[in-house]
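Coordinate inspection notes
The lines below spell out each chain.
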Amino acid sequence: MARSTWRVARLAGVDVRIDPSWILILFLIVSSFDARIVAAFPGTEPASGLLLALAGAIVFFGSVLVHELAHALVGRRRGYQVTGITLFVFGGATHAKVADRRPGDELLVSVVGPLTSGLVGAGLLLLASWLGGPDRGAPVWLLAWLGTINLFLAAFNLLPGLPLDGGRVLRSLVWARTGNPVLATRVASRAGVLLGYVLIALGLASLVTTGDLGGLWSVAIGWFLADAARREGATSRWRRRLRGVPAAALMEPDPPRVRGDVDVASAIADPSLWRRRDTAVVEEPAAGDSVGVVTLRRLTAVRPEHRSATPVADVMDPFSRHPPVDVHSDVGRMLDGLLSERDGTVTVADGGRVVGVIRQADVGRWLQRQHARGAAP
Ligand SMILES: [Zn+2]
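Residues numbered from 1 in each chain as written. Predicted model: local features only at pLDDT ≥ 70, side-chain atom pairs only at ≥ 80, totals over all residues. Heavy atoms only, no water.

1. A few points about the nonpolar core
Defined as follows: Among the buried residues, those of types Ala, Val, Leu, Ile, Met, Phe, Trp, Tyr and Cys that are joined through side-chain atoms within 4.5 Å form a nonpolar core. Remark: exposure states derive from per-residue accessible area (1.4 Å probe, protein chains only) relative to the maximum for the residue type, with buried under 20%, exposed over 50%, and partly exposed in between. Secondary structure elements follow DSSP: runs of H or I no shorter than four residues count as helices, runs of E no shorter than two count as strands, and numbering proceeds from the N terminus.
Core analysis: the largest hydrophobic core is formed by 33 residues, its most contacted members being Phe-33, Ile-37, Phe-60, Ile-85, Leu-87 and Leu-142. Of all the secondary-structure elements, those providing two or more residues to this core are strand S2 (14–18), helix H1 (21–40), helix H2 (46–77), strand S3 (81–88), helix H3 (103–130) and helix H4 (138–157). The element that contributes the greatest number of residues to this core is H4, accounting for nine residues. Of all hydrophobic cores here, the second largest spans 17 residues; its members include Leu-242, Ile-358, Val-363 and Leu-367.

Following this line, the structure appears as structure tokens:
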């Protein structure tokens, strides 16, 4: 679940990251804009058509960002701890740490994104018509097209199923009506799965009846939606079952330790580090204080020719960024961090001393063990 993303900007105190899949979408958008411009204005020179398509893609990128920023800024005003925005293949996601949210806040934070897209869309269409309408030339035509896309984004995001904004609106409404956030998440997550299947079915139907490959988009988006909706439902079940469970119950105790000045090649080659786990605590060479954590995956991501010249401390996840949690802290409350933070690793400390590590997989294993013991599902 945790994936590596690239940080590209920091706007109004919010980290903006892009998922590597964004490169693919940028390429697809530029080529689709370019094809449409050439089709609508056959006299367009190839170079200026491509440049215009690129400019259009940047405006599109900007409008997705504005949508997410609206969520982030309103969320922050409502007391959410907004940790960042990630733009990925089908749009964006705003990350906020779960505080004790209220349905009214969630409704407002969710609805403001599509509302912003709607306003941006209407603004672009008005601008295009003020400039003489889409027939005036390729740039104005493109503005109008971007306006239409934003209106579409507003409508699509309001579809009532998680993980879409409309799904969060649905959840907040069910929550407000029943006073039961767990039931509300279940309803909105099932609605999201159903919505995903409907999109898959519509895409397949259009593929079969018209032979238009555009139907594949609908299938892919439906697949993604259904999967994400199922995951949101599972995360909510996990959070409920892990509430009140201390970190000590899930952690793998006595993690292996490696000095920060050891080079990456030697650390990878040291069998004592990786006998049981794929995670090691990094210690400061002189005083032996724990300063961070490193996974085998992160070490092997260093290019082989650089491994012997790179100290482990250079690639670790330092505690200055992700500090350890206390051994008594509630796993249900740290679940979001565990599922989204880099490497999906949480370090556990007791009175300042690192005593264990929890990995994403440990959560699933713990739940399975509880289930096998016949604990309430
Ligand atoms: Zn949104």
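2. Section: a positive patch on the surface
Rules: Exposure above 30% relative accessible area and the lack of any salt bridge qualify a residue for a patch; like charges then connect within 9 Å, and the nonpolar side chains Val, Leu, Ile, Met, Phe, Trp and Tyr within 5 Å. Calculation of accessible area relied on Shrake-Rupley with a 1.4 Å probe; when residues are assessed, cover is drawn exclusively from the protein chains displayed. Should a side-chain nitrogen of Lys or Arg be within 4 Å of a carboxyl oxygen of Asp or Glu, the pair is scored as a salt bridge. His is not counted, nor are the chain ends; Lys and Arg add positive charge and Asp and Glu add negative charge. To locate a charge, take NZ of a lysine, CZ of an arginine, CG of an aspartate or CD of a glutamate.
A surface patch of positive charge is lined by Arg-186, Arg-190, Arg-237, Arg-240 and Arg-243. Contributions of two or more residues to the positive patch are made by helix H6 (181–210) and helix H7 (215–242). For Arg-186, the location among the structural elements is in helix H6. By relative accessible area, which is 39% here, Arg-186 ends up partly exposed.

3. A word on the pairing of strand S7 (residues 279–283)
Rule in force here: The rule for pairing is simple: two strands pair if DSSP sees at least two bridges between them. By convention, a crossover is right-handed whenever its connection, traced from the first strand over the helix to the second and viewed with the strands pointing away, goes clockwise.
A large share of S7 lies buried, amounting to five of its five residues. The alternating pattern of S7 places Thr-279, Val-281 and Glu-283 and Ala-280 and Val-282 on opposite faces, both of which are buried. As defined by bridge partners, strand S6 (residues 257–259) adjoins S7 across three bridges and the pair is classed as parallel. Of the residues in S7, the one forming a bridge with Arg-257 is Val-281. Note on the crossover from S6 through helix H9 (residues 264–269) to S7: the handedness is right-handed. The loop that links S7 with its antiparallel partner strand S8 (residues 290–295) comprises six residues; one of these, Gly-288, has a positive phi angle of about 80°.

4. Quick look at the environment of Gln-370
One can find Gln-370 in helix H13 (residues 360–372). Once the C-alpha coordinates of Gln-370 and Gly-292 are considered, the two residues, 78 residues apart in sequence, prove to be 30 Å apart.

5. Focus on the sheet that holds strand S11 (residues 345–350)
Read from one edge to the other, the open sheet built from four strands follows the order S5-S12-S11-S10, with strand pairing classed as mixed. Because the sheet does not close on itself, it has two edges, and the strands there are strand S5 (252–253) and strand S10 (325–326). Direction of pairing for S10 relative to S11: parallel, over a ladder of two bridges. The residue bridging Val-325 from the neighbouring strand is Val-348, located in S11.

6. Description of the coordination of the zinc ion
Going by this rule: Here a donor is an N, O or S atom found within 2.8 Å of the metal, or within 3.2 Å if the metal is Na, K or Ca; sites may look incomplete because water is not among the atoms. In this scheme the shape depends on donor count and angles: four donors with every angle between 85 and 135 degrees give tetrahedral, four or six donors with opposite pairs above 155 degrees and others between 65 and 115 give square planar or octahedral in turn, and any other case is irregular.
Looking at the zinc ion, one finds its protein donor set to be His-67 (NE2), His-71 (NE2), Asp-165 (OD) and Asp-165 (OD), positioned 2.0 to 2.6 Å from the metal centre. In this structure, the zinc ion is coordinated by four donor atoms arranged in irregular fashion, with angles at the metal of 55 to 151°. Counting the intervening residues between successive donors of the zinc ion yields the motif H-x3-H-x93-D. Here His-67, found in helix H2, pairs with Asp-165, found in helix H5 (residues 165–178); they are 98 residues apart in sequence, far enough to count as distant. Here the two residues His-67 and Asp-165 agree in accessibility, since each one is buried.

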